[in-house]
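Coordinate analysis (summary)
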Amino acid sequence: MEKNFKRTLITTALPYANGPVHIGHLAGVYVPADIYARFLRLKGEDVVMIGGSDEHGVPITLRARKEGVTSQEIVDRYHAIIKDSLEELGVSFDIYSRTTSRIHHDTASEFFRRLYDKGEFTVQTALQPYDEKGGEFLADRYVIGTCPKCGNERAYGDQCEACGSSLNVTDLINPCSALTGEPVKMRETTHWYLPLDRWENKLREWILDGHKEWKTNVYGQCKSWLDGGLQPRAVSRDLNWGVPVPVEGAEGKVLYVWFDAPIGYISNTKELMPDSWERYWKDPETRIINFIGKDNIVFHCIVFPAMLMAYGDNFQLPDNVPANEFLNLEGDKISTSRNWAVWLHEYLKDMPGKQDVLRYVLTANAPETKDNDFTWADFQARNNNELVAILGNFVNRALVLTHKFFGGVVPAAGELTDTDRQAIEDMKGAIKAETEALDTFHFREALKQAMEIARVGNRYLQETEPWRVVKTDMARTETILNVALQICANIAIAFEPFIPFTTARLAEMLHLNDMRWDKLGETDLVSIGTELGKPELLFEKIEDSTIQAQVQKLLDTKKANEIAAWKPEPQAEDVDFDTFCRSDLRVGTVLECTKVPKADKLLRFLIDDGMEKRTIVSGIAKYYNPEDLVGKQVCFIANLPVRKLKGIESQGMILSAENSDGSIVLLTPSAQVAPGSKIG
Ligand SMILES: Nc1ncnc2c1ncn2[C@@H]1O[C@H](COP(=O)(O)OP(=O)(O)OP(=O)(O)O)[C@@H](O)[C@H]1O
Ligand SMILES: [Zn+2]
C-alpha cells in the first residue's frame, strides 16, 4: 500500500498566542516535527514545514480585557516571543506566520464563502447569553455564576474550575456578564453549522479502513468519535475578534477559531509560495503530515478533513497525523494559567547554548505513546550520563587522540581487522534501525539508535586501546583512529535531526561538508590527510546548583499559586454571647522567651500577666527569634485548663493569626497597655 510521494508538507499545530510556548508544546509538536523535517531534508526530499501563531478566539480577548490592552497588542507580544524562541531552538520552519495576516483573513474568508455558496452549511438559531448593558453576545467564558454542583460562585459558562465539572451557561445559578457584572439574558442568535454527519461515511472509510497504520492513540480516538456518531458543529461565533463571517446579515459574527486556525496551514503555505502552493495541497503526490498534541486530534482528523472535502477542488487529506500524548512537569499537568511550565524563552535565557540538551531530553522522554513527566533531575541525568559521558566522550577521545598522535591530520586506514569490521557492522545496524524508526515517527527509538552509534564507538576504543597500541604499532593506530573518526562523521549526520547545533560544530571540526542521509554507513566520510579543527567539548556537565535554581523557580510558582488560591476559612457556627464572654482574654508582657529543647516548633514564654506571672508554650518557633520577643506585649487566653507540652505546664494560649502562606503572626496591642488588661 506504500505510495510513492513526490513531496511532503509538514504542518505544526498553531500555538495559541495568549502566552509563550512551553516544553509541553515542544515535546508534543515542534521538536518531533522538526526532527522529521530535518530527516527528510537530509534525505534530499522536497519538504516544507509550515508554522504560525493562532491569534483569534475568546481567550485572547479575555486576556486583553484583563490587562486593559487591545487584542492586537496581546497577539503581537506573544507572536514575537513564540516566533523568536522557536527559531532560537533551531525549529526549522520554512515559514512561521500568523492568523491575523491579511492573506489568512482573505483565505479563510474565501473558504467559508465557498462552502456557504455550495450549500455546505446548515443554519441554526439558538439561545445565547447576551449582555444588555454592554450590547453584545457573550461567549460561554464571559459568563460567570454559581456552580450548581459545588457552589463555587465564580464558575464559568463552560466549566467550573473549582470542581472540574463541564457546564452549560444555563446550568449556572445567577449567571452574570464577566464584562459588566449585569445578569445575562438569553437571546436568539443564528449560526452556521458544518454538518459533520454528512461526511461520516467518507471519514470512516478514509481513516478506519484506509489508515490502519496510524498511531493507536490517534486511530482509537477517531474510531470512538465516529462510532459515537458525528453532529453538526457551529463554525461561527458572536465576537468582535477574528475573521468576519463574509455573508450578509452576519454583522458582529466571526469564524469559530477552530474553523479558521487549520486554514492557517493553507494561508501560510500560500504566503511562502504564492505561485506553487497549490502543488503542496492539491497534488495527490504530496504527502501531508500534521504534527499535533492529543487534544487536537478531532480537529485534524474529523473537522478539518470534513471542511476540505466540503471545499473539494482536489484538496488532499493528511496522510498521517502522528499526534503525541501530553508531557507533564514534575508530576503535575503543565498549565499556562497556573504558570506551571518551563517556558522556552526563559530556558534559552537561563541555559544559554543548551538548545540541544533540551531537544535531546524532550525527545528521549517524548510522550509518544502515553503521557510522560519532565523532571529537572532527569534532565540533568540525561545530560551528564548520556550526552557528556557517551556521545561527548567518544567524539572527544577520537579527536584528542588524533591530535596527540597525528597532529590533527586524519590518518589512513590499513587493512581492517575483525574488530574494526564488527564495529562498522554494529554502526550500520544502528543506522538502519534509526532510519526505520524515523520513517515511522518513532523518534524516541530513533534517538536511542543514534546513541547506539556512540556506544559502538566507545566500545571500539575500549577494545582497540589506541593509546597502548601507539607505543608499538603506528600503522595499526592509524587504522583505529581512522575508523573512530569515520564513526564520528556518521554521528554528525545521524544526530543532525535531533541536535543540529552540536552536529554543526562536529561537522566543522571534521570538515564534513556533504551531510546526506544516504552517506550514512560509509567509512570514507572524513578524507585522509584532512587537518581537523581544534577539538572542543560538545557538552558540559550540568551542576547541581543549576538544577536547584530551576527547581526553586518551580517551588516559588507553587507557593505563589497556593497564595493566589487561598480563601479564608468559612465562618464557624454561632456561639451565644454568654459563652463567648466566659473566655478570659488578656494582654501580657513577655519577660522571658526561650526555645523548648528537642521541639523545633515550640517557644516557652514567661509572661507578666499583672498577677502571678505565668508560663505559656506556643508553637511559633519557626517564625520568631525568642530574643526578639522579650519586652513585647502579646494577647492570650487566660482561663484555659493547664496543658502539658514537652513536660512544661502551659497556662493559657497566645493568640496569633495564620497567614495565607501558612506563616504565623503574633497579635499585639497597637499601644502599650498595663499587663493583665482585659480584651473584650
Ligand atoms: N503538555 C503538552 N504536551 C504535549 N503537547 C501539548 C502540551 N500542551 C499543548 N500541547 C500541544 O501543543 C499544540 C499547541 O498548543 P496550544 O497553543 O493550542 O496550547 P494549549 O493546548 O492551549 O496549551 P496551554 O493550555 O498549556 O497553553 C497543540 O497541538 C497541543 O496539543
Ligand atoms: Zn463546581
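Residues numbered from 1 in each chain as written. Chains lettered and ligands numbered in written order. Predicted model: local features only at pLDDT ≥ 70, side-chain atom pairs only at ≥ 80, totals over all residues.

**With respect to the overall build of the chain**
On a plain count of helices and strands, the chain comes out with 20 helices and 26 strands. Computed over its C-alpha atoms, the radius of gyration of the chain comes to 33 Å, more than 25% above the 26 Å expected for a compact globule of 680 residues. Along the three orthogonal principal directions, the C-alpha set of the chain runs to about 100 × 85 × 40 Å. For the chain, the proportion of its 680 residues judged to be buried stands at 41%. Nonlocal contacts in the chain, meaning residues at least 24 apart in sequence, comprise 71% of its contacts between residues at least 6 apart. (Helix = DSSP H or I, 4+ residues; strand = E, 2+ residues; numbered from the N terminus. Rg over C-alpha atoms; globule rule 2.2 N^0.38 Å. Buried ≥ 20, exposed ≤ 12 C-beta atoms within 10 Å, placed from the backbone. Contact = placed C-beta atoms within 7 Å.)

**Here we look at helix α14 (residues 443-464)**
The terminal C-alpha atoms of α14 lie 32 Å apart, and with 22 residues this matches the ideal 32 Å at 1.5 Å per residue to within 8%. In the stretch just after α14, Glu465 is the one whose phi turns positive, near 45°. (Expected span 1.5 Å × (residues − 1).)

**Observations regarding the site of ligand 1**
Around ligand 1, the surrounding shell holds 20 residues, and the nearest of these are Ala13, Tyr16, Gly24, Gly28 and Gly293. Examining the composition of the shell around ligand 1, we find that five residues originate from one element, helix α1 (residues 23-42), more than from any other. For the shell around ligand 1, a count of residues per class yields ten nonpolar, nine polar and one charged. (Near = placed C-beta within 6 Å. Nonpolar A, V, L, I, M, F, W, Y, C, P; charged D, E, K, R; others polar.)

**A word on the UniProt feature "domain: TRNA-binding" (unreviewed entry) in the chain**
Annotation from UniProt places "domain: TRNA-binding" (unreviewed entry) at residues 579-680. A distance of 13 Å separates the end C-alpha atoms of residues 579-680, which is 7% helix and 42% strand. (UniProt positions renumbered as here; feature names shortened; annotations may be inferred.)

**Some details on the UniProt feature "binding site: Zn(2+)" (unreviewed entry) in the chain**
Under the UniProt annotation, the feature "binding site: Zn(2+)" (unreviewed entry) is placed at Cys147, Cys150, Cys160 and Cys163. The named residues occupy 17 residues along the chain; their greatest pairwise C-alpha distance, 8.7 Å, places them in one compact cluster. Relative to the helices and strands, Cys147 resides in the loop between β6 (143-146) and β7 (155-156). Exposure remark for Cys147: the 21 C-beta atoms within 10 Å place this residue in the buried category. Tracing the chain through its elements places Cys163 in the loop between β7 and β8 (173-177). Ignoring anything within four residues of it in the chain, the contact list for Cys163 reads Cys147, Lys149, Cys150 and Asn152.

**Section: the sheet that holds strand β5 (residues 136-137)**
Pairing is antiparallel across the open sheet formed by four strands, whose spatial order is β5-β4-β9-β10. A single partner strand is all that each edge strand has here, and the edge strands are β5 and β10 (232-234). With two bridges joining them, strand β4 (residues 122-131) and β5 adopt antiparallel strand pairing. Across the sheet, residue Tyr130 finds its bridge partner in β5, namely Phe137. (Pairing = 2+ DSSP bridges.)

**Some points on the packing of helix α12 (residues 376-406) against α14**
At a minimum axis separation of 9 Å, α12 and α14 run at an interaxial angle of 55°. Relative to α14, α12 is oriented oblique. Handedness of the α12/α14 crossing: left-handed. Here Glu386, Ile390, Leu391, Asn393, Phe394 and Arg397 of α12 come into contact with α14, specifically with Met451, Ala454, Arg455, Gly457, Asn458 and Leu461. Classifying every residue of the contact of α12 with α14 gives six nonpolar, three polar and three charged. (Axes fitted to C-alpha atoms, helices over the stretch in contact; angles between N-to-C directions. Parallel < 35°, antiparallel > 145°, perpendicular 65-115°, else oblique. Left-handed = near helix turned anticlockwise from the far one by under 90°.)

**Here we look at the domain arrangement of the chain**
As assigned here, the chain comprises domain 1 (7-114 + 257-329), domain 2 (118-228), domain 3 (375-519) and domain 4 (577-679). Taking only C-alpha atoms into account, the centre of domain 1 sits 63 Å from that of domain 4. (Domains from an automatic or database assignment.)

**Details of the sheet that holds strand β15 (residues 332-333)**
The mixed open sheet is built from three strands, whose spatial order is β15-β14-β16. The open sheet is flanked by β15 and β16 (372-374), the only strands paired with a single partner.

**A few points about unusual backbone geometry**
Of note, the phi angle at Asp313 is positive, near 55°, even though the residue is not glycine. Within the secondary structure layout, Asp313 lies in the loop between α9 (297-311) and β14 (327-329). Since 9 C-beta atoms lie within 10 Å of it, Asp313 is described here as exposed. Positive phi, normally seen in glycine, also occurs at Phe441, with a value near 65°. Residue position: Phe441 is located in the loop between α13 (418-439) and α14.

**Observations concerning helix α6 (residues 216-228)**
A rise of 1.5 Å per residue sets the reference length of α6, with its 13 residues, at 18 Å; its end C-alpha atoms lie 18 Å apart and thus fit the reference within 8%. Residues Val218, Gln221 and Cys222 constitute the buried set of α6. Around the axis of α6, the buried residues are gathered within 95° of arc, so they sit on the same side. Pointing more than 90 degrees away from the buried face of α6 are the exposed residues Thr216, Gly220, Ser224, Asp227 and Gly228. Among the structural elements, α5 (200-209) and α9 are those in contact with the buried residues of α6. (Arc of directions from axis to C-beta.)

**Quick notes on the environment of Ser165**
Within the element layout of this structure, Ser165 appears in the loop between β7 and β8. When the 15 C-beta atoms within 10 Å are taken as the criterion, Ser165 is described as partly exposed. In the structure, Ser165 is positioned 443 residues away from Asp608 in sequence and 55 Å away in space, judged by C-alpha atoms. Excluding residues within four positions of it along the chain, Ser165 makes contact with Cys147, Lys149 and Cys160.

**Considering the nonpolar core**
Among the nonpolar cores identified, the biggest contains 159 residues, and Ile10, Ile453, Ala484, Cys488, Ile491, Ala492 and Leu510 are the most heavily contacted of them. Here Leu510 is in contact with Leu485, Cys488, Ala489, Ala492, Val526 and Leu532, once residues within four sequence places are set aside. Val590, Leu603, Ile616 and Ile654 belong to the second largest nonpolar core, which has twelve residues in total. (Core = buried A, V, L, I, M, F, W, Y, C linked by C-beta atoms within 7 Å.)

**Focus: the environment of Glu386**
Relative to the assigned elements, Glu386 resides in helix α12. Sequence separation between Glu386 and Leu40 is 346 residues, and the spatial gap between their C-alpha atoms is 26 Å. Dropping the residues within four chain positions of it, Glu386 is found in contact with Leu391 and Met451.

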